[in-house]
Amino acid sequence: MIILFDLDGTLIDATVSITNAFKKSFLENETAYPGDEAVISLIGHPLDIMLSKLNISDDKISNFVESYKNNYKNSHLETTKLLPGAREAIIMASEFAKIGVVTTKTSTFSKTLLESMGLRKYFKTIIGRDDVENPKPNKEPIDKALSNIGNFEGKKIYMIGDTKLDLLAAKSAGINGIGVTCGY
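Quick look at the structure, then. (Residues numbered from 1 in each chain as written. Predicted model: local features only at pLDDT ≥ 70, side-chain atom pairs only at ≥ 80, totals over all residues. Heavy atoms only, no water.)

### Some thoughts on the side chain of Thr-125
Reasoning step 1: By the element assignment, Thr-125 lies in strand β5 (residues 123–127).
Reasoning step 2: There is a polar contact of 3.0 Å between the side chain of Thr-125 and the side chain of Asn-148. (Helix = DSSP H or I, 4+ residues; strand = E, 2+ residues; numbered from the N terminus. Polar contact = N/O pair within 3.5 Å; in protein donor to acceptor, adjacent residues only side chain to side chain.)

Have a look at this one:
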């Protein structure tokens, strides 16, 4: 069995980290912050899509992304927490399945975060936005995770996530999708 987990809203609560980094990015780019609710409603999408939906013009998105990432990396380890039961679920799942992460967060931030929480060792692969050309809901991140895990033919495969992007990616990849209600 193989179980792939989304990260934000499925295993972790990074709301404070994300909204703070967005606020600072908007401030640094001299643009009015659209508010926490607007940002939170888009968590799960890649940064460039979030920013586009927050009415940032295409020619400014790369500046916002760079600013966001610099601000996020300075605080995410202190302000991100595991969701209740996540540690136990990860440990239990790793006892009977190969597990991985498929997220729109960068794999660098994801690996650092999971390492700091003492959980990195349980995951056979971590695929982030920076590892693929086409993020969720495209099937590419799932295909890449399965390729990294290897020997998945004939195994039951699940993608667990909190947004429709996770479930659409699972459907596109031809695997089982499980939606959780604890996230965004």
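That was the structure; now back to the text.
### Describing the pattern of salt bridges
Reasoning step 1: A full pass over the atoms with the stated rule returns five salt bridges.
Reasoning step 2: A salt bridge links Asp-6 to Lys-136, with the shortest nitrogen-to-oxygen separation between them at 2.9 Å. Here Lys-136 lies in the loop between β5 and α8 (140–149) and Asp-6 lies in the loop between β1 (2–5) and β2 (12–13), a separation of 130 residues in the sequence. For the pair shown, Asp-6 and Lys-136 are each scored as buried.
Reasoning step 3: In this structure, Lys-136 and Asp-166 form a salt bridge, with 2.5 Å as the shortest nitrogen-oxygen distance. Highlighted residues: Lys-136 in the loop between β5 and α8 and Asp-166 in helix α9 (residues 164–173), separated in sequence by 30 residues.
Reasoning step 4: By relative accessible area, Lys-136 is classed as buried at 4%.
Reasoning step 5: When salt bridges that share partners are traced, they join Asp-6, Lys-136 and Asp-166 into one network. (Salt bridge = Lys/Arg side-chain N within 4 Å of Asp/Glu carboxyl O. Buried < 20%, exposed > 50% of the residue type's maximum accessible area, 1.4 Å probe, protein only.)

### Observations regarding the layout of surface pockets
Reasoning step 1: Size it by volume and the largest pocket reaches roughly 300 Å³.
Reasoning step 2: Surrounding the largest pocket, 19 residues form its lining, Pro-46, Leu-47, Tyr-68, Thr-104 and Lys-105 being those nearest its centre.
Reasoning step 3: Secondary structure elements with two or more residues in the lining of the largest pocket: α3 (47–53) and α4 (58–73).
Reasoning step 4: Examining the composition of the lining of the largest pocket, we find that four residues originate from one element, α4, more than from any other.
Reasoning step 5: Taken together, the residues that form the lining of the largest pocket break down as nine nonpolar, four polar and six charged. (1 Å grid on protein atoms, 1.4 Å probe; cavity = no way out; pocket = protein on both sides within 12 Å on 5 of 7 lines; lining within 4 Å. Points joined across faces, edges and corners; volume = space filled by probe spheres on them. Nonpolar A, V, L, I, M, F, W, Y, C, P; charged D, E, K, R; others polar.)

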